[in-house]
Each structure stands twice: as C-alpha cells, then as structure tokens.
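The chain contents come next:
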2 protein chains.
Amino acid sequence: MSFVSLAMGGGGRLYRRLVEEYFLPAFANAELQKMNDAAVCGLSGDRIALTTDSFVVQPRFFPGGDIGRLAVCGTVNDLAVSGARPMYLTCSMIIEAGFPLEELARICTSMAETARQAGVQIVTGDTKAVEKGGCDGLFINTAGVGLFDSAQRILPQRPAVGDAILVSGNIGYHGMAILSARENFGFEPPIPSDVAPLNQIIDCLLRAVPQISCLRDATRGGVAAVLNEWAQQEQCHIVLQREQVPVAGEIATACDLLGLDPLYLANEGRFVAAVNAVHAQRAISALHAHTLGKDAAIIGYVTEQGQALVSEKTVFGANRIVDMPEGERFPRIC
Amino acid sequence: MSFVSLAMGGGGRLYRRLVEEYFLPAFANAELQKMNDAAVCGLSGDRIALTTDSFVVQPRFFPGGDIGRLAVCGTVNDLAVSGARPMYLTCSMIIEAGFPLEELARICTSMAETARQAGVQIVTGDTKAVEKGGCDGLFINTAGVGLFDSAQRILPQRPAVGDAILVSGNIGYHGMAILSARENFGFEPPIPSDVAPLNQIIDCLLRAVPQISCLRDATRGGVAAVLNEWAQQEQCHIVLQREQVPVAGEIATACDLLGLDPLYLANEGRFVAAVNAVHAQRAISALHAHTLGKDAAIIGYVTEQGQALVSEKTVFGANRIVDMPEGERFPRIC
C-alpha cells in the first residue's frame, strides 16, 4: 500500500502525478484534463470560469496578510489568470472545536475587505465543525465564478516559440514571509507577504495587450513550477536570464542566508505571462503603470520546440537547468 | 473570549447564530442574506446557481455510501432544491499525510460514479496535504454551479398559509446509518444511508407542479430543522401530523431503542416541499412515480401567520412543539 505524502500537496512533480493518476482518470472530462487553474464552462451561449482552492496556511496570520485574505486572493487570481472577470465566491470553513470566535471574526473581516478590494461577492457558504484535534484550527475553501465578456478573446493558455516570459513583480515574498513567520527567523522589519488580488492589473494588461499567450499566478512551487509546467505542456525550451529576474534586496539576502532560490518560493500577488516578443515591451509598460506591477520584467524567452526544458543563463554566462520542484519543501504556505 | 463549539457546526440554532453573527455581516450582500442553500447569480441575462459544501463525515465509508458519494450528492441536492439544473462541480480535498492512496482512489471512483448518475461534471479541483495530525484523514469540499432554463419560473422559496408540507420519502436513514456505523450498534442487516442525487426526482416534481412554493433537502438537523427555518423565515405556524410522517420499520425500531426522534435525523436523499394544498395530490403522484419518491407523503400544513411555530398532532390527538434542534447532537454526519 502506498500513501499520500506531504510532497504530493505541493505544486511539483509528485502533486502532478497525484492529479494525473487519481483525479483526471476518475473525473475524466475535457475541461478538467486541461489542468488550468479555472475551468471554463459553457453556459447556454455564455461562458463562466469556475475554480476552487482550499487554504490551510500555518500560521494563519502573517506579515502582510492572513488565511482569509489569502483565500479570497487565491481564488480571485485563479479566475483572473484564466482571463475571466472574477464575480462570485463561495466560502466553506472547517473549524476545530475550541477555535476562538474573535479570530474567526478577524478572518471574516479580512475576507470581506479583500473581496471588496477585488470587486467580488462571497455569495454562499457552509461551515463544518470538527472535534478538537479533528483539524488544525481552521481551513477555508473558496470556489469562484468568473465571467467572460462576450466580445473577449479567450486566452489560448499556450506559450509559443518566440514568446517572451514576463513576471509581474519581484518574487519570493509570500513563501519567505510564511517561512520566516513560522520559523521565527526574526528578520527586522519582518518580510511581508505579497498576497493581493491580481484581477485589476491583469485587466489592465489584457486591455493593453490582448495578444497574451498565457497567464499563470506563481503560487506553490513559484515561478520555476509555472515555467516547467508550460515547458512540459508544449514540449518547449524556455531560457531564463537570471539577472533579469526581479528580486528585492531583502528577499535576496534572506535566500542567501537560508540557501533558497527565489524562483521556487511561492508568490500570492505575482503572475507570469507569455506573449510574443513583439508585444513584450507594451506589456511591460502596461504592468509598470499599475502599483502591483512596478517591478515587472522580461525574464526569458521560449526559444524552441522539441524538448521540455527550462534553463537559465547565469550572470557568469553558464547554462543551468531550472528543475521542476519535486514536491513541497515548505508545506502549508497557502 | 468565546469559542466555536461542535454544536455550531450543526444545522440548528447555534449554527444559525454563528452564520448570522459572523458571516452575514462580514460578507454582507443580498444573495448571501437569503441563506438559501445555493446562491442565484445574475450572469449577463442568464442566471446560475452556485453552492458549496465541505464534508468531514466519520466514518468515511458507511452502509449505502461514502464521503465521496456524499460530497457529490450534497452539492447536487443543494443546487436541485434551488430549482436549478446542476451542471458543474468543483472538488477540493484536504488530505492528511499518510492517507492511503487506495482509499483515495475508491473515493474518487465513487465521486465519479455519483457524478455520472447525477449528470454533472467535476470540472476543476485542488488538493492540499497537511502533516499527520493536521486533519482527520480526508476532507472534501465540493462547490457547484447550476443553470436555470430561461423559460423556468424561479421558486419563491417561501412557504405560504394554505401550503401542504410534503416529504419525498421515509426519513432518518442517513443519520441512523452514520450513527450506527460509528457506534457499532450492530443492526443486522446494517442500516444504509439514503444518500442519493435528488435532481432527477425534483425535476419530475417541478415539471408536474411548477407551483411549488419551496424545496429544501433535509440534511443536518433533519426535517425538524427545515420546518423550523421556514416557520422562522415567514413567521408562520406549521402543523405536522405525526402519523403521516413516513418512517420505515427499521428506523422506527432503532429510534425507539436509542430514544431518538426521526424528525431530527439527517437525510441525504430526501427533501421537504411546500406547495398550495390544491396541488398537493398532484405533487405526491409525481413523487410516487419516481423510485426515490415511493414513500412520499403529505405530513402537515402551514396553518396561519403571526407566530413562528412548528407543532405536531400526536396519534393520541395531543399538540406538541417540534423545536429547532439546538446544535449538532451527532457531529460529522456529513
């Protein structure tokens, strides 16, 4: 008998295997098979996007956010990267008996504020309580529905040779914030999460550059996981330019101290885009015009088809493979 | 400081207070305020129903079903009682490290079979793993989207004076199945859950009697909770006729043994309907024509407005109040 491991809950290879071996065959349908973050569902001529995400982050409150803000942003962002306009959220909580109501209230307030900020409504919910020890405090599931404007082009969600790879801001904040809050690294000032709703900046980008090939928020497994998934999906080679990857000084320092690579750290307010290089500068300008996008940068290119590979050119000119993360090195970061 | 209690996760008064004090104010919007099982969301002229439910049932496998079948039926039924045609489901799992993959596979298969039976698709999903002890095995969230046909009348979801109260079948099976499986009561043969998708029988009913006032599946808190919620909502008096309530012999015997009232036991394949008494016989005929409805019966009437009250006439002619269940006497039945 084999068992679920923590690694299978990460964004990496083992997670993918779990999904491919268990969920895809069981629930077999074309939409699920695409393994996009949100499903696009035909609806008598119109289309909605539908997504779901459960949140088990530990600690529940961290610099820059909390589990409630995360639960709203995570689902809003999954809808936004599908190209849909996030509209309606559901909220289901599993709560351990003995959980302080004050804390629950803080989390609800945070969810409500974040929903207002993102312009979405939480329209239905459900709560289960389990006995003490039945779960670790509080888990939140949010599912979401997004709408495609009828005139709108559906993103192909396929990177192509000749596409530039863009990242919408400096990376690694969420993963490092959770890690340092949990392990009490005591960075001063504390490193804040980047958790934020991305629908408005994505809307700006898509208006300026409707030709975008694909979008993905860089959560579990970080930018490295997104790029490896794209390379795998299209059997293409993506070449990163390491020195172009925007990393803030405090994240770079913390990564050096801890021996971590920011490419693998989770983000909750950053996305990766692929767009034909011809349009890349226009996309960067659109991103720079938004508060959340001021550090946006072109970090690489899709160079050829044939082999699924992500590699990087280091500052010293060497080529190095950027591997798919194996599993979740840091569980419960979302 | 006050704390979440197990009772707050039940279908009763304390659960309602939790929702009214924490979720409604925080997420304040008209659709949530209605506290229907599914939200009806405008969608550029069309409307969808949207619902969510988390499942933490213990044990995960029980006579007549398992957590997977329950997770699909629960959400399908929430959509069906809203009058919508269930279409798309999401599935998010929180899994404890060390959970056997074989069991996960069985659960996935069961979900897939139930989805096929109900005619819905599970179109997107998410999985989180937590460390050993972080949750009790496996929790499943399903959210669902249902569609309203454009010609279709939206149910008022308000009972009115002069309405008959119908129940779609004999009651108490799910609650008793879980309870006896958990406590090893050793009934022979074991009492099976009634867990089943209700969308087809509800479709039959609504085609035959479009005048239905309201529908609700009688899950946590049983038929007693549904009727008390309706009485509360409309400030009306509902009079039950105890001898008309369909209860199978094995459930009646088990209830007698354990000192339980089947009106308070959870069902996962039964619903309650209110419809003007003029149409009640036609509704019963429609229900009797379906396998799941062969024991359907008229069990009472909405007699007057003014006071929120559910009472019953016993077989001996006495009047007795049927109270709202206080909380969850039997946690984790779904």
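Residues numbered from 1 in each chain as written. Chains lettered and ligands numbered in written order. Predicted model: local features only at pLDDT ≥ 70, side-chain atom pairs only at ≥ 80, totals over all residues. Heavy atoms only, no water.

Draft legend 1. Fine view of the overall build of chain A. On a plain count of helices and strands, chain A comes out with nine helices and 14 strands. Counted over contacts in chain A with a minimum sequence separation of 6, partners at least 24 positions apart contribute 82%. For chain A, the computed accessible surface area is about 12,000 Å², with 51% contributed by carbon and sulfur atoms. (Helix = DSSP H or I, 4+ residues; strand = E, 2+ residues; numbered from the N terminus. Contact = heavy atoms within 4.5 Å. Areas by Shrake-Rupley, 256 points an atom, 1.4 Å probe, with all protein chains shown as cover.)

Draft legend 2. Structural context of the packing of aromatic side chains. Under the criterion given, the structure shown has three aromatic pairs over all chains. Arranged with centres 6.3 Å apart and planes meeting at 50°, the rings of Phe 139 of chain A and Phe 139 of chain B form a pair that is tilted. Residue Phe 139 of chain A is located in strand S7 (residues 138–147), and its partner Phe 139 of chain B is located in strand S7 (residues 138–147); the two belong to separate chains. For Arg 106 of chain A, the ring lying beneath its charged end belongs to Phe 61 of chain A, and the centroid distance is 3.9 Å. (Phe/Tyr/Trp six-rings, centres within 6.5 Å; stacked < 30°, edge-to-face > 60°. Lys NZ or Arg CZ within 6 Å of the ring centre and 35° of its normal.)

Draft legend 3. The arrangement of the pairing of strand S9 (residues 214–217) of chain A in detail. All names here are of chain A. The side-chain alternation of S9 yields two buried faces, one formed by Cys 214 and Arg 216 and the other by Leu 215 and Asp 217. One ladder, built from four bridges, connects S9 with strand S11 (residues 271–276); its direction is antiparallel. By the bridge assignment, Leu 215 is partnered in S11 with Ala 273. (Buried < 20%, exposed > 50% of the residue type's maximum accessible area, 1.4 Å probe, protein only. Pairing = 2+ DSSP bridges.)

Draft legend 4. Layout of the sheet that holds strand S12 (residues 297–305) of chain B. Residue and element names in this part refer to chain B. With mixed pairing, seven strands are arranged side by side in an open sheet as S9-S11-S8-S12-S10-S13-S14. Edge positions in the open sheet fall to strand S9 (214–217) and strand S14 (319–321), since each of these has one partner strand only. With strand direction ignored, the average angle separating the axes of adjacent strands in the sheet is 25°. In terms of strand pairing, strand S13 (residues 309–313) meets S14 through three bridges, oriented antiparallel. Considered in S14, the bridge of Lys 313 is made with Asn 319. Set on the sheet, helix H9 (residues 280–288) makes contact with strand S8 (163–167), strand S11 (271–276) and S12; between it and S8 the angle comes to about 15°. (Axes fitted to C-alpha atoms, helices over the stretch in contact; angles between N-to-C directions.)

Draft legend 5. Summary view of the pattern of salt bridges. Overall, the coordinates contain 26 salt bridges over all chains when judged by the stated rule. Among the ionic pairs, Lys 128 of chain B bridges to Asp 53 of chain A, the shortest N-O distance being 3.0 Å. Note that Lys 128 of chain B is positioned in strand S6 (residues 121–130) and Asp 53 of chain A in strand S2 (residues 46–55), a pairing that runs across two chains. Summarising the burial analysis for this pair, Lys 128 of chain B and Asp 53 of chain A share the class buried. Notably, a salt bridge pairs Arg 332 of chain B with Glu 131 of chain A, separated by 2.7 Å at the nearest N-O pair. One end of the pair, Arg 332 of chain B, is in the segment after S14; the other, Glu 131 of chain A, is in the loop between strand S6 (121–130) and S7, on a second chain. Judged by its relative accessible area of 29%, Glu 131 of chain A falls in the partly exposed class. Salt bridges linked by common partners bring Asp 53 and Arg 220 of chain A together with Asp 126 and Lys 128 of chain B together as one network. (Salt bridge = Lys/Arg side-chain N within 4 Å of Asp/Glu carboxyl O.)

Draft legend 6. Main features of the environment of Ser 54 of chain A. When you line up the elements, Ser 54 of chain A lands in strand S2. On the basis of relative accessibility, which here comes to 2%, the residue Ser 54 of chain A falls in the buried class. Between the C-alpha atoms of Ser 54 of chain A and Met 93 of chain A, which are 39 residues apart in sequence, the distance is 9.2 Å. Excluding residues that lie within four positions of it along the chain, Ser 54 of chain A makes contacts with Ile 140 and Asn 141 of chain A together with Ser 92, Ile 94, Asp 126 and Lys 128 of chain B.

Draft legend 7. The domain arrangement of chain A, seen in detail. All names here are of chain A. Entries for chain A in the domain assignment read domain 1 (36–153) and domain 2 (163–321). Here domain 1 and domain 2 have C-alpha centroids that lie 23 Å from each other. Taken together, the 22 residues of domain 1 in the interface contact 25 residues of domain 2. Taken together, both faces of the contact between domain 1 and domain 2 bury some 1,900 Å²; the carbon and sulfur share is 60%. Our count for the domain 1 to domain 2 interface comes out at zero salt bridges. (Domains from an automatic or database assignment. Buried area = accessible area lost by both parts, 1.4 Å probe.)

Draft legend 8. Local environment of the sheet that holds strand S14 (residues 319–321) of chain A. All names here are of chain A. Across the sheet, which stays open at both edges, the seven strands sit in the order S9-S11-S8-S12-S10-S13-S14 with mixed pairing between neighbours. Two strands in the sheet have a free side with no partner beyond their single neighbour: S9 and S14. Recorded for the sheet is a direction-independent mean angle of 25° between the axes of neighbouring strands. Two strands pair when backbone bridges link them, and strand S8 (residues 163–167) and strand S12 (residues 297–305) are joined in this way by four bridges, in the antiparallel orientation. Each residue of the ladder has a partner; that of Ile 165, found in S12, is Gly 300.

Draft legend 9. Expanded view of the environment of Pro 159 of chain A. All names here are of chain A. For Pro 159, the position within the fold is in the loop between S7 and S8. For Pro 159 and Trp 230, which are 71 residues apart along the polypeptide, the C-alpha to C-alpha distance reads 6.9 Å. If sequence neighbours within four positions are ignored, Pro 159 has contacts with Ser 213, Cys 214, Trp 230, Gln 233, Glu 234, Ala 274 and Val 302.

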